[in-house]
Amino acid sequence: MRFLYFPTQGTMIKTIKPLVAFVKSLSHRPIFGWVIAFIVLNCIVTEDGGVNPNSRFAALKAMTEQGTLAIDNYLNLSYDWALARSGHYYSNKAPGPALLAAPIFALVNIAHGGAIGPGTVVASWVKALVSILLQALPWALLVLWLPSLFPGRFSLGGHAVHFMALAMLFGNTAAIFMNTFFGHAMTAFFLCLATICCCKKRYGLFGLSFGWALLSEYSVALFLPLFVVVIVNQTRNSKWIRPVITGALFPAVLWIWYHWVCFGNPFVTALRYENPLFLGPPQGRYTLFGMLTLQPNVKIIGELLFGANRGILVTQPWILVVTIATGYLAIIKKLRQDAKEVAAICIPGLLLLLWVNSGFYGWDAGGSAGPRYLAMVFPVFALLGGLIYDDLGKLSRWLLWLALLVALAFRGSVFATTILVNRVPLWQFQWHAILADKTHWAFAKLAAYYLILSLPLIKIYLDDRKPGRILS
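Calculation notes
Residues numbered from 1 in each chain as written. Predicted model: local features only at pLDDT ≥ 70, side-chain atom pairs only at ≥ 80, totals over all residues. Heavy atoms only, no water. Helix = DSSP H or I, 4+ residues; strand = E, 2+ residues; numbered from the N terminus. Buried < 20%, exposed > 50% of the residue type's maximum accessible area, 1.4 Å probe, protein only. Contact = heavy atoms within 4.5 Å. Areas by Shrake-Rupley, 256 points an atom, 1.4 Å probe, with all protein chains shown as cover. Core = buried A, V, L, I, M, F, W, Y, C linked by side-chain atoms within 4.5 Å. Axes fitted to C-alpha atoms, helices over the stretch in contact; angles between N-to-C directions. Parallel < 35°, antiparallel > 145°, perpendicular 65-115°, else oblique. Left-handed = near helix turned anticlockwise from the far one by under 90°. Nonpolar A, V, L, I, M, F, W, Y, C, P; charged D, E, K, R; others polar. Expected span 1.5 Å × (residues − 1). Phe/Tyr/Trp six-rings, centres within 6.5 Å; stacked < 30°, edge-to-face > 60°. Lys NZ or Arg CZ within 6 Å of the ring centre and 35° of its normal. Salt bridge = Lys/Arg side-chain N within 4 Å of Asp/Glu carboxyl O. Polar contact = N/O pair within 3.5 Å; in protein donor to acceptor, adjacent residues only side chain to side chain. pLDDT = per-residue confidence, 0-100. Patch = residues over 30% accessible without salt bridge, like charges linked within 9 Å, V, L, I, M, F, W, Y side chains within 5 Å. Bend = angle between axes of the 7 residues up to and from the residue.

Student: How would you summarise the overall build of the chain if you had to cite specific residues and measurements?
Tutor: Looking only at helices and strands, the chain features 18 helices and two strands. Here the chain holds 472 residues, and 53% of them are scored as buried. Taking as baseline every contact in the chain between residues at least 6 positions apart, the subset at least 24 positions apart corresponds to 74%. On the chain, roughly 21600 Å² of surface is accessible, and the fraction owed to carbon and sulfur atoms is 69%.

Student: Summarise the nonpolar core; cite the residues concerned and give the values.
Tutor: With 139 residues, the main nonpolar core has Trp139, Phe170, Phe223 and Trp318 as its most contacted residues. Counting residues per element, this core draws most heavily on helix α7 (residues 184–199), which supplies 13 residues. Setting aside anything within four residues of it in sequence, one finds Phe223 in contact with Leu191, Phe210, Ile345, Gly349, Leu353, Met376 and Val377. If you look at the next biggest cluster of nonpolar residues, it comprises nine residues, including Ile176, Phe182, Ile419 and Val421.

Student: How would you sum up the packing of helix α9 (residues 224–235) against helix α14 (residues 337–358)? Please name residues and give values.
Tutor: Two numbers describe how α9 lies on α14: the axes approach to 9 Å, and their chain directions differ by 160 degrees. As summarised for this structure, α9 and α14 are arranged roughly antiparallel, according to the angle between their axes. Where α9 crosses over α14, the handedness of that crossing is right-handed. Taken together, the residues of α14 that come into contact with α9 (itself represented by Leu226, Phe227, Val230, Asn233 and Gln234) are Gln337, Glu341, Ala344, Ile345, Pro348, Gly349 and Leu352. Partitioned by chemical class, the residues of the contact of α9 with α14 number seven nonpolar, four polar and one charged.

Student: Describe the packing of helix α2 (residues 32–44) against helix α6 (residues 159–169), naming the residues involved and giving the relevant values.
Tutor: To characterise two packed helices, one gives the angle between the axes of the helices and the distance between these axes. Direction vectors running N to C along α2 and α6 enclose 10 degrees, while the axes themselves pass 10 Å from each other. Judged by the angle between their axes, α2 and α6 are roughly parallel. Between α2 and α6, the residues in contact are Trp34, Val35 and Phe38 and His162, Ala165, Leu166 and Leu169, respectively. When its residues are assigned to classes, the contact of α2 with α6 shows six nonpolar, one polar and no charged.

Student: Residue-level account of the side chain of Lys61, with values.
Tutor: For Lys61, the location among the structural elements is in helix α3 (residues 51–66). For Lys61, a relative accessible area of 0% gives the class buried. With residues up to four places along the chain from it excluded, the contact list for Lys61 reads Gln66, Tyr74, Leu77, Phe105, Asn109, Ala115, Ile116, Gly117, Thr120 and Val122.

Student: Could you give an account of helix α13 (residues 318–331), with specific residues and numbers?
Tutor: Here α13 spans 20 Å end to end across 14 residues, near enough to the 20 Å set by a 1.5 Å rise per residue. Residues of α13 that are buried sit in contact with α6, α11 (298–306), α12 (312–315), α14, α15 (378–388) and α16 (394–416).

Student: Please give an account of the packing of aromatic side chains that cites residues and values.
Tutor: Counted under the stated rule, the structure contains 22 aromatic pairs. With centroids separated by 5.7 Å and ring planes inclined at 70 degrees, the aromatic side chains of Tyr90 and Phe263 adopt a geometry described as edge-to-face. Here Phe263 lies in helix α10 (residues 241–263) and Tyr90 lies in strand β2 (residues 89–91), a separation of 173 residues in the sequence. The pair Tyr90 / Phe263 is uniform in exposure class, with both members buried. Consider the rings of Phe415 and Tyr449, whose centres lie 5.9 Å apart with planes at 35 degrees: the pair is tilted. Of this pair, Phe415 sits in helix α16 while Tyr449 sits in helix α18 (residues 441–464), placing them 34 residues apart in sequence. Phe415 sits in the buried class, given a relative accessible area of 3%. Among the aromatic residues, those joined into a cluster by ring pairs are Trp139, Phe189, Phe190, Trp212 and Phe250. We note Lys200 situated over the ring of Phe150; from NZ or CZ to the ring centre the distance is 5.1 Å.

Student: Which residues make up the pattern of salt bridges, and what values go with them?
Tutor: One pass over the structure, following the stated rule, counts five salt bridges. The partner of Lys61 in a salt bridge is Glu65, with the nearest N and O atoms 2.8 Å apart. Taken together, the residues span about one helical turn, with Lys61 and Glu65 both in helix α3 at a distance of four residues.

Student: Please give an account of the environment of Ala194 that cites residues and values.
Tutor: Mapping Ala194 onto the fold places it in helix α7. Using a relative accessible area of 0% as the deciding quantity, one classes Ala194 as buried. Between the alpha carbons of Ala194 and Ser209 there is a distance of 5.1 Å; along the sequence they are 15 residues apart. The contacts of Ala194, once residues within four sequence positions are left out, are Phe206, Ser209, Phe210 and Phe227.

Student: Just give me the short version of the side chain of Thr315, but keep the residues and values in it.
Tutor: By secondary structure assignment, the location of Thr315 is in helix α12. Judged by relative accessible area, which is 2%, Thr315 ranks as buried. Here the side chain of Thr315 touches Gln316 through a polar contact of 2.8 Å, side chain to side chain. Not counting residues within four places of it along the chain, the set of residues in contact with Thr315 comprises Gly370, Pro371, Ala407, Phe410 and Leu426.

Student: Tell me what's going on with the confidence of the model for the chain, and back it up with residues and numbers.
Tutor: When pLDDT is averaged along the chain, the result is 89, and 88% of the positions lie at 70 or above. Within the chain, the lowest mean pLDDT, 61, falls on helix α1 (residues 9–27), and the highest, 98, falls on α12. Here residues 1–6 is modelled with pLDDT under 50, and outside its nearest four sequence neighbours on either side it reaches one contact, counting other chains as well.

Student: Kindly report on the environment of Ala403, identifying the contributing residues and their values.
Tutor: In this structure, Ala403 sits in helix α16. Separated by 86 residues in sequence, Ala403 and Pro317 have C-alpha atoms that sit 5.3 Å apart. Setting aside residues no more than four positions away along its own chain, Ala403 makes contact with Pro317, Trp318 and Val321.

Student: Which residues make up a nonpolar patch on the surface, and what are the values?
Tutor: A contiguous nonpolar patch, built from Leu451, Leu455, Ile458, Tyr461 and Leu462 and spanning about 530 Å² of accessible area, is present on the exposed surface. Here Ile458 lies in helix α18.

Student: Can you tell me about α10, naming the residues and giving the values?
Tutor: Structural remark: α-helix, 3.6 residues per turn; residues separated by three or four positions point the same way. The sharpest bend along α10 measures roughly 50 degrees and falls at Leu249, with the proline Pro251 sitting one to four residues further on. Positive phi shows up at Gly264, right after α10, with a value of about 75 degrees.

So, in structure tokens, the structure goes:
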């Protein structure tokens, strides 16, 4: 009796050939060059990220080295912790990224020579590898996949697909955190995937994606009523409920298990037991968990939208252009159904995030080159921009590209400096850092960024000049 089966050479070839053909087909897509540039840039310059991602790596070390969720023995890594009533310390982050990373982290950090045990730190290359494998690579594949999901809207030879790809890969705050384990990039991936699945009426996969997004960042809960409204409008019945619940079952079980073990209640999160260092003034306006109020702060909303320190206007102004253009198309009744559904999720979603973020004691997100508490929804705006692109006039398209160029230039300055910036004018800080660098390393990174981005641009230009080539 044969207990082990070894595939023959012919069987292996039959298995590998379709995979090779699939990869080859992806490599011929016009946006493939942007995706390669994205991966290369994320690999050649990585950042540690400091205490925020270290909180998740403390949880990963505790899980893989000691078989516990408590980080009592790893407090040297981060002061981002929550002290539960049990007297144990836990990461103050949503658990999704750490739970998803645990198998990879155990394999890389333990089986291949990582520093093991309390008091030891996680090697920078391990942090970068985990982040790239779980965030940058899935994000790159998602961007490559999108034109196939919306073939009528993303012509492979059109400008819309390039706008979408550049905005998703480089032109938003979530993109700058792809190779650091803050969790915002993973949340953006699952929220974008949930939006796509919702639009394509893949309700089971939607439930799974939304569940993982919620496990990755608690504020994703704000999007649930928006998705429900869109799905109810699609189906006009209740048949969607069963596949959504089935898809969400696994992340829901993980949610219940994690919060029950850590805090004794599946409805209690780490926010209730936050490190007092992050709480608001004792007599201040922050009443919910000592750091949050539901009263919106118009001044902070203005800072998040237009301010020089964190504003969308100075970091990714194309989002404001997409929002205004979408409203214009809706008024003149030229907004197509898929764009309507995406807009119904991302525009109200951004408004809800602005409302909640404005009532948060740490609204500026500490060290951050942009409004990272809003970052999860920005890539969905890139999808929306691609969907409405062909319905816009020439002036609107020019405004979109001009606004995107600002975001791409900002990404270059972040690449050359740091993702961790205090509450200071971002452009001023970055260019001062570039010009003040006596080693010229910052300027070299900036030059590398523009060089790497220019290569796919040159290829696209040459391809467009081939005889018989028509660019829509």
